Amino acid sequence: MYAIPGTNRSNPVDAPPALAVVHGAPAATAPGPRTVAAVLAQTQVEAVLDELDRELVGLKPVKQRIRDIAALLVIDKLREGLGLQSQHPSLHMCFSGNPGTGKTTVALRMAQILHRLGHVRKGHVVSVTRDDLVGQYIGHTAPKTKEVLKKAMGGVLFIDEAYYLYRPENERDYGQEAIEILLQVMENHRDDLVVILAGYKDRMNTFFQSNPGMSSRIAHHLDFPDYDCGELRHIAQSMLQQQGYRFSDEAQQAFDRYLQLRIGQPHFANARSVRNALDRARLRQASRLFADRERALSEQDLCTLEAPDILASRLFQESPP
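Okay, so let's go over this structure.

Cut-offs and rules
Residues numbered from 1 in each chain as written. Predicted model: local features only at pLDDT ≥ 70, side-chain atom pairs only at ≥ 80, totals over all residues. Heavy atoms only, no water. Helix = DSSP H or I, 4+ residues; strand = E, 2+ residues; numbered from the N terminus. Polar contact = N/O pair within 3.5 Å; in protein donor to acceptor, adjacent residues only side chain to side chain. Salt bridge = Lys/Arg side-chain N within 4 Å of Asp/Glu carboxyl O. Buried < 20%, exposed > 50% of the residue type's maximum accessible area, 1.4 Å probe, protein only. Axes fitted to C-alpha atoms, helices over the stretch in contact; angles between N-to-C directions. Parallel < 35°, antiparallel > 145°, perpendicular 65-115°, else oblique. Left-handed = near helix turned anticlockwise from the far one by under 90°. Contact = heavy atoms within 4.5 Å. Nonpolar A, V, L, I, M, F, W, Y, C, P; charged D, E, K, R; others polar. Pairing = 2+ DSSP bridges.

## As for the side chain of Asn 270
Then, in step 1: Mapped onto the elements, Asn 270 comes out in the loop between α11 (249-263) and α12 (271-291).
Then, in step 2: Reaching out from Asn 270, the side chain makes a polar contact with the side chain of Asp 226 at a distance of 3.0 Å.

What follows is the structure, encoded as structure tokens:
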């Protein structure tokens with residue numbers, strides 16, 4: 001069996017004091033909570049769920065699944081308090097969807113929930129790709145993978161584009177060794193580590209078909225759909241508000257048209273593409289204001305994006321009116 005240093009949970013110093021419960025028996029100190037409301041008040045989990053609702057537009061099925069997982073852990077906490085049989089559920093997950101749909105944000109909030117409910121000791125997220133796990137020569141992969149797992153223990157390991165771990169067309173590829181180590185640790189340390197695999201849906205499906213052992217260890221599959229134009233508009237407005245900017249009415253109309261065109265373009269990345277478009281619009285606004293050096297600029301001038309700042313995108317030049 002692959003041994004990962006630092007995985008001894010006999011002294012969970014990082015766990016919240018109120019959650020330090022020995023499985024199968026009540027805590028030796030004060031009696032534990034007896035109601036859902038008491039657990040929520042003690043752990044402040046609902047604040048994390050509310051923050052997730054505020055941070056992400058749409059994604060109702062994803063948010064509901066996260067709430068379901070939180071509910072399961074809350075009920076487990078109440079069972080422990082009564083001395084009922086309680087076993088750590090497998091919470092390894094797969095987040096499938098296109099870029100910019102909120103997968104990383106959900107992973108961060110999931111780690112907070114797991115920590116506050118005592119499922120993991122630290123609640124941090126270690127985000128990696130194939131290059132962080134797979135070596136280039138014999139004997140290189142195991143140390144790299146073990147080191148990543150050591151850093152992630154007590155929290156969440158987020159593996160982006162996880163399907164690149166498996167490359168059957170290359171006989172000298174060492175990704176399978178990393179997968180075997182991951183499989184053992186996911187099973188033996190599931191009470192202190194949650195692994196989230198992420199990537200495009202079709203490629204993740206192919207990956208699981210080729211690796212049934214990995215598929216059997218993933219308890220939750222969450223699909224992150226693309227945003228529609230209305231949701232992307234809401235995301236853009238939220239991003240601008242956070243930065244102290246706003247659209248003029250004409251700029252808003254221009255940006256709505258931009259979204260309609262951009263969605264159909266290659267490499268569209270949802271919220272990530274929106275953020276990039278707004279960054280370029282701010283650059284154009286800055287250049288426009290910079291060119292009029294003698295003009296006294298008002299707060300409205302400095303905070304408002306105008307239609308030319310949007311319409312200067314080459315997307316409008318390439319597309320028919």
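## What to know about the pattern of salt bridges
Then, in step 1: On inspection of all chains with the given rule, the structure shows 14 salt bridges.
Then, in step 2: A salt bridge links Arg 282 to Asp 279; its shortest N-O distance comes to 3.9 Å. Taken as a pair, Arg 282 and Asp 279 lie in helix α12 at a separation of three residues, close to a single helical turn.
Then, in step 3: With a relative accessible area of 29%, Arg 282 lands in the partly exposed category.
Then, in step 4: Residue Asp 279 is classed as partly exposed on the basis of its relative accessible area, which comes to 32%.
Then, in step 5: The structure contains a network of salt bridges with shared partners spanning Asp 50, Asp 53, Lys 63 and Arg 67.

## Thoughts on the packing of α11 against α12
Then, in step 1: At a closest axis distance of 12 Å, the pairing of α11 and α12 adopts a crossing angle of 135 degrees. On the basis of their axis angle, the class for α11 and α12 is oblique. For the pair α11 and α12, the sense of crossing is right-handed. Within the contact between the two elements, α11 uses Phe 255, Tyr 258, Leu 259 and Arg 262 and α12 uses Ser 273, Val 274, Ala 277, Leu 278 and Arg 280.
Then, in step 2: Broken down by class, the residue content of the contact of α11 with α12 amounts to six nonpolar, one polar and two charged.

## A short note on the sheet that holds strand β2 (residues 125-128)
Then, in step 1: Spatial ordering of the open sheet is given by β2-β3-β4-β1-β5, a layout of five strands whose pairing is parallel. The strands lining the two open edges of the sheet, one partner per strand, are β2 and β5 (220-224). Going across the sheet, the axis of each strand differs from the next one's by a mean of 20 degrees, ignoring polarity.
Then, in step 2: Where strand β1 (residues 93-97) lies against β5, five bridges are found, and the strand directions are parallel.

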